[in-house]
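Working through the structure, step by step
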Number of protein chains: 2
Amino acid sequence: MAVMLPRTYQHQVCSVARSLELVGDRWTLLIVRDALRGVHRFDDFRAQLGVAHNVLSDRLSRLTEAGVLERRRYQQRPDRYEYHLTQQGRDLWPVVMSLLLWGDRYLAPDGPPKLPLHRGCGGRLTPQLTCTDCGAGLGPGDVELAPGPGAKGSIASRK
Amino acid sequence: MAVMLPRTYQHQVCSVARSLELVGDRWTLLIVRDALRGVHRFDDFRAQLGVAHNVLSDRLSRLTEAGVLERRRYQQRPDRYEYHLTQQGRDLWPVVMSLLLWGDRYLAPDGPPKLPLHRGCGGRLTPQLTCTDCGAGLGPGDVELAPGPGAKGSIASRK
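Residues numbered from 1 in each chain as written. Chains lettered and ligands numbered in written order. Predicted model: local features only at pLDDT ≥ 70, side-chain atom pairs only at ≥ 80, totals over all residues.

1. So, the overall build of chain A
Put simply, the test is: Helix numbering and strand numbering both begin at the N terminus, where a helix is a DSSP run of H or I of at least 4 residues and a strand a DSSP run of E of at least 2. Exposed residues have 12 or fewer other C-beta atoms within 10 Å of their own C-beta, buried residues have 20 or more, and residues in between are partly exposed; the C-beta atoms are placed from the backbone. Contacts are defined on C-beta atoms placed from the backbone: any two residues whose C-beta positions lie within 7 Å are in contact.
Of the regular secondary structure elements, chain A holds seven helices and seven strands. Residues classed as buried in chain A amount to 36% of the 159 residues present. Considering only contacts in chain A between residues 6 or more positions apart, those separated by 24 or more positions represent 35%.

2. Quick notes on the relation of the copies chain B and chain A
Quick reminder of the rule: Least-squares superposition aligns the copies on the C-alpha atoms of those residues with pLDDT at or above 70 in both.
Structural alignment of chain B on chain A gives an RMSD of 0.0 Å, achieved by rotating through 180° and translating 0.0 Å along the axis. Those values place the two copies in the arrangement expected of a two-fold rotation axis. Relative to the rotation axis, the closest C-alpha in chain B is found at Val95 of chain B, a distance of 2.8 Å. Most of the interface of chain B is mirrored in chain A, where 100% of its interface residues are also at the interface.

3. Re the interface of chain B and chain A
Short version of the rule: Note on residue categories: nonpolar means Ala, Val, Leu, Ile, Met, Phe, Trp, Tyr, Cys or Pro, charged means Asp, Glu, Lys or Arg, and polar means any other residue, Gly included. For two strands to pair, DSSP has to find at least two bridges joining them.
Contacts between chain B and chain A engage 80 residues on the former and 80 residues on the latter. Top element by residues in the side of chain B that touches chain A is helix α7 (residues 93-106) of chain B. It accounts for 13 residues. Residues of the side of chain B that touches chain A, tallied by class, amount to 46 nonpolar, 20 polar and 14 charged. One ladder, built from two bridges, connects strand β4 (residues 125-126) of chain A with strand β5 (residues 129-131) of chain B; its direction is antiparallel. Across the sheet, Leu125 of chain A pairs through a bridge with Cys131 of chain B, a residue of β5 of chain B.

4. A look at helix α5 (residues 53-65) of chain A
Because each turn of an α-helix spans 3.6 residues, side chains separated by three or four positions in sequence point in the same direction. This is how the line gets drawn: Multiplying 1.5 Å by the residue count of a helix minus one yields the expected span of that helix.
With 13 residues, α5 of chain A should reach 18 Å at 1.5 Å per residue; the first-to-last C-alpha distance of 18 Å fits that figure. The first or second residue beyond α5 of chain A is Gly67 of chain A, which carries a positive phi of 85°.

5. Remarks on unusual backbone geometry
Residues and elements named next belong to chain A. Pro78 follows Arg77 through a cis peptide bond whose omega is -5°. When you line up the elements, Pro78 lands in the loop between β1 (69-75) and β2 (80-85). Backbone geometry at Arg77 places phi at a positive 50°, although glycine is not the residue there. For Arg77, the position within the fold is in the loop between β1 and β2. Given 5 C-beta atoms within a 10 Å radius, Arg77 is considered exposed.

6. Here we look at the sheet that holds β4 of chain A
The three strands are arranged β4(A)-β5(B)-β6(B) in an open sheet whose pairing can be described as antiparallel. Of all strands in the sheet, those with a lone pairing partner are β4 of chain A together with β6 (137-138) of chain B, marking the two edges.

7. With respect to the nonpolar core
In plain terms, the rule: When buried Ala, Val, Leu, Ile, Met, Phe, Trp, Tyr and Cys residues are joined through C-beta atoms within 7 Å, the set is termed a nonpolar core. Either an automatic procedure or a domain database provided the assignment from which the domain bounds are taken.
In this structure, Val96 and Leu99 of chain A together with Val96 of chain B are the most contacted members of the largest nonpolar core, which totals 68 residues. Mapped onto the domain boundaries, this core takes at least three residues apiece from domain 1 (25-90) and domain 2 (93-133) of chain B. Once you skip the residues sitting within four places of it in the chain, Val96 of chain B turns out to touch Val16 of chain A together with Leu29, Val32, Arg33 and Leu36 of chain B.

8. Some details on the sheet that holds strand β5 (residues 129-131) of chain A
Read across the open sheet, the three strands follow the order β6(A)-β5(A)-β4(B); overall the sheet is antiparallel. On the outer flanks of this sheet lie β6 (137-138) of chain A together with β4 (125-126) of chain B, each paired with one strand and no other.

9. Notes on the confidence of the model for chain A
All names here are of chain A. Threshold: Every residue carries a pLDDT, the predictor's confidence in it, which falls somewhere between 0 and 100.
Here chain A averages 87 in pLDDT, while 89% of its residues score no lower than 70. Within chain A, helix α6 (residues 87-90) carries the highest mean pLDDT (97), whereas helix α1 (residues 7-10) carries the lowest (45). Throughout residues 1-10 the model reports pLDDT below 50, and contacts reaching past four residues in sequence, or to other chains, amount to 10 contacts. We note a pTM of 0.88 for the whole complex and an ipTM of 0.88 for its interfaces.

10. Examining the environment of Asp25 of chain B
Within the secondary structure, Asp25 of chain B is located in the loop between α2 (15-23) and α3 (26-36). A sequence separation of 34 residues divides Asp25 of chain B from Arg59 of chain B, and the C-alpha atoms of the two residues are 8.9 Å apart.

11. As for the packing of helix α7 (residues 93-106) of chain A against α2 of chain B
We apply this condition: What counts as an axis is a line fitted to C-alpha atoms, over the stretch in contact for a helix, and the angles between N-to-C directions run from 0 to 180 degrees. For classification, angles of less than 35 degrees are called roughly parallel, those exceeding 145 degrees roughly antiparallel, those between 65 and 115 degrees roughly perpendicular, and all remaining angles oblique.
Where α7 of chain A contacts α2 of chain B, the two axes come as close as 7 Å, and the packing angle between them is 85°. Viewed along their axes, α7 of chain A and α2 of chain B adopt a mutual orientation that is roughly perpendicular. Across the interface between the two elements, Val96, Leu99, Leu100, Trp102, Gly103 and Asp104 of chain A from α7 of chain A touch Ser15, Val16, Arg18, Ser19 and Leu20 of chain B from α2 of chain B. Taken together, the residues of the contact of α7 of chain A with α2 of chain B break down into six nonpolar, three polar and two charged.

Below, the structure written as structure tokens:
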């Protein structure tokens, strides 16, 4: 596959690296962005993204294989399919939103093109992640990375 | 520049697209990840990432130009520099963490390689974004995108 990464990278035992292997291609997260906004059909993705037919076709296949998108037939003879996000795909929303909020802050000299607002409340969004236990908003200094069950050499990873 | 995107993509008035123009290259967010973990020197990035010399050199230059990294001299004759994240760079933390949490959930069959914990509290992290007004945890269905000042044709963008 043309988009495969070098071995050294692929074998990194890190969830950031693994995620980027799948969605680190720049078109991929734009496809997810559009699917989150309700785009589902091949021609509509093409029109939105201005992406080459073969590139879009490849990315949609990869995302479907990976379980991020699922195909749903909406027409017979000839068969035509829509692409919908699975739960796994919808769970990329925080990634897409964090990129949007960062771009709004640093790459939008005229101000945000679109304002993300809490529907019905009107509040803005904070990119801060929160602690599930105490609810505190967290920054880089507040988080430590402890060895997990999937760490190299851990019992769980010895198969 | 080899990593430039096609025109159609570059000109999208969208903060997600703009962010991905800068950090959508798969190595770039791994460099940011490592810098967040305290990696600052060229050879250390190389050792961590297994990335080709010229690719790393190109990405560090681009990130420095874009204001994500800053160079700090740590040795004279010959001059040697470290790369440190600026505030703009540190603010990519939620992007990196969202990718990590997503990978932990969907791409870690043996469990997370590393467990991100709230330092001193031990709580886990939620990828949910929150509303700055009411503090509610938000999902894709809770957010609307209103036209912002940087939208095409808005007064602020007519220069």
